[in-house]
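Report on the structure
Each chain, written out:
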Amino acid sequence: MKHLRVTVAVDPERAPPFFTLLADSPSITETRLLEWNEARPDLATMLYAVRGDPAVLTAATETRGIVSVRTSATENGWTYVLLEARPRETPLFAAIHRATTHPGLVIRTPIVYRDGNMTAHVVGDPAPLQRALDAAPDGVTVQIDEIGRVRGARDDPATTLSDRQREAVAIALELGYYERPRTATQADVAAALGCTPQTAGEHLNAAEAKCVRAVLDEFGPQR
């Protein structure tokens, strides 16, 4: 079983207006698809979180297949959007629908729309994964950014750390580096790791930055 981080790029000339609105609007910094419900084969309900100006979402129903859009009040820069769509009426949405229901793989949430692209984490066996990638429609390019192990709970900041970063933090914690007052220095951590103080500092800084971003981001760690 493999874990893939993939980035999906869509030809701007073929992208549905709603995709462009979510992924490449100057008024929206980032969109996250949090959950979806496909109780009916011809109608899907999707929950998005949007960081940006929710007023631009009024244009969403101009995209074929979008039935309705409802928004919540904005809090801390994020607006929740409940959208109903007929996935099979739009080629891109139909392709995403096929991928999410493909036997042998699971697409994990959130799916992130940012900088004109869509990024997702996918778990499954090699054959179904390859079939899903091969089924990408014209105008859609799928790039594999990362292949690795299944990390477990995505909301756990520790799952974003490399093995060396995790080791550095564990040693630092054990030695008292994070105590107040400190009972160990960066040099002590480096000696236990068997590396230079500069390298130990790089591992600790990278791990701390990932943990801080995860804590400050209510929708989970960004990768």
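Here is a short report on the structure shown in this document. (Residues numbered from 1 in each chain as written. Predicted model: local features only at pLDDT ≥ 70, side-chain atom pairs only at ≥ 80, totals over all residues. Heavy atoms only, no water.)

**Regarding the environment of His-121**
Basically, it comes down to this: Helix and strand assignments follow DSSP, with helices taken as H or I runs no shorter than four residues and strands as E runs no shorter than two, numbered in order from the N terminus. A 1.4 Å probe rolled over the protein chains alone gives each residue an accessible area, and that area as a share of the maximum for its type sets the label: buried under 20%, exposed over 50%, partly exposed in between. Think of a polar contact as two N or O atoms within 3.5 Å of one another; within protein, one of them needs to be a possible hydrogen donor and the other a possible acceptor, and neighboring residues in sequence only count if both atoms come from side chains.
Within the element layout of this structure, His-121 appears in strand 7 (residues 117-124). By relative accessible area, His-121 is classed as buried at 4%. There is a polar contact of 3.0 Å between the side chain of His-121 and the side chain of His-3.

**Focus on helix 4 (residues 163-175)**
Formally: Multiplying one less than the number of residues by 1.5 Å gives the expected span of a helix. Working definition: the arc comes from the directions between the helix axis and the C-beta atoms, pointing outward to the latter.
End to end, helix 4 covers 18 Å across 13 residues, agreeing with the expected 18 Å (1.5 Å per residue, within 8%). Among all positions in helix 4, only Gln-165, Ala-168, Ile-171 and Ala-172 are buried. Viewed along the axis of helix 4, the buried residues span an arc of 130°, placing them on a single side of the element. In helix 4, those exposed residues whose orientation departs by more than 90 degrees from the buried face are Asp-163, Leu-173 and Glu-174. Positive phi appears at Gly-176, one or two residues downstream of helix 4, with a value of about 95°.

**Here's the deal with the packing of helix 4 against helix 5 (residues 186-193)**
Keep this limit in mind: In this description, a line fitted to the C-alpha atoms serves as the axis of each element, helices being fitted only across the stretch in contact, and the angle between N-to-C directions of two axes falls anywhere from 0 to 180 degrees. Orientation categories follow fixed angle ranges, with anything under 35 degrees roughly parallel, anything over 145 roughly antiparallel, 65 to 115 roughly perpendicular, and all other angles oblique. The sense of a crossing depends on the near helix, which, turned anticlockwise from the far helix by less than a right angle, makes the crossing left-handed and, turned clockwise, makes it right-handed. Any two residues whose heavy atoms approach within 4.5 Å are treated as being in contact. Each residue is assigned to one of three groups, with Ala, Val, Leu, Ile, Met, Phe, Trp, Tyr, Cys and Pro labelled nonpolar, Asp, Glu, Lys and Arg labelled charged, and all others, Gly among them, labelled polar.
Look at helix 4 against helix 5: their axes get within 10 Å of each other, and the N-to-C directions meet at 125°. It follows that helix 4 is oblique to helix 5 by the angle criterion. Judged by the twist between their axes, the crossing of helix 4 over helix 5 is right-handed. Across the interface between the two elements, Arg-164, Glu-167, Ala-168, Ile-171, Ala-172 and Leu-175 from helix 4 touch Asp-188, Val-189, Ala-192 and Leu-193 from helix 5. Residue composition of the contact of helix 4 with helix 5, by class: 7 nonpolar, no polar and 3 charged.

**Some words on the pattern of salt bridges**
Oppositely charged side chains are able to pair whenever their charged atoms sit close together. Rules: A pair is scored as a salt bridge if a Lys or Arg side-chain nitrogen falls within 4 Å of a carboxyl oxygen belonging to Asp or Glu.
According to the stated counting rule, one finds 5 salt bridges in the structure shown. Note that Arg-114 and Glu-30 form a salt bridge whose closest N and O atoms lie 2.3 Å from each other. Residue Arg-114 is found in strand 6 (residues 105-114), and its partner Glu-30 is found in strand 2 (residues 28-40); the two are separated by 84 residues along the sequence. Looking at Arg-114, the relative accessible area reads 25%, which means it is partly exposed. Accessibility expressed as a relative area gives 4% for Glu-30, which makes it buried. Salt bridges here are not isolated pairs; linked through shared partners, they connect Glu-30, Arg-32 and Arg-114.

**Thoughts on the pairing of strand 6**
For clarity, the threshold we go by: What makes two strands pair is DSSP finding at least two bridges between them.
Among the 10 residues of strand 6, 7 are classified as buried, and the element is accordingly described as predominantly covered. Across 3 bridges, the pairing between strand 2 and strand 6 is antiparallel. Looking at the pairing, Thr-31 lines up with Tyr-113 of strand 6. Across 7 bridges, the pairing between strand 6 and strand 7 is antiparallel. The residue bridging Val-106 from the neighbouring strand is Val-123, located in strand 7. In sequence, strand 6 turns back onto strand 7 through a hairpin of 2 residues, with Asp-115 there showing a positive phi of about 55°.

**What to know about the pairing of strand 3 (residues 43-52)**
With 9 bridges connecting them, strand 2 and strand 3 associate as antiparallel partners. Note that in strand 3 the partner of Arg-40 across the bridge is Leu-43. Taking the residues that link successive antiparallel strands as the turn, the strand 2-strand 3 hairpin has 2 residues. Bridging between strand 3 and strand 5 (residues 78-85) involves 8 bridges; their strand directions are antiparallel. Each bridged residue has a counterpart across the sheet, and for Val-50 the counterpart in strand 5 is Thr-79.

**Some details on the side chain of Thr-79**
Position of Thr-79 among the secondary structure elements: in strand 5. Polar side-chain contacts of Thr-79 include one of 2.5 Å to the side chain of Thr-74. Beyond its immediate sequence surroundings of up to four residues, Thr-79 is in contact with Tyr-48, Ala-49, Val-50, Pro-54, Thr-71, Ser-72, Ala-73 and Thr-74.

Just geometry here; none of it tells us what the structure is for.
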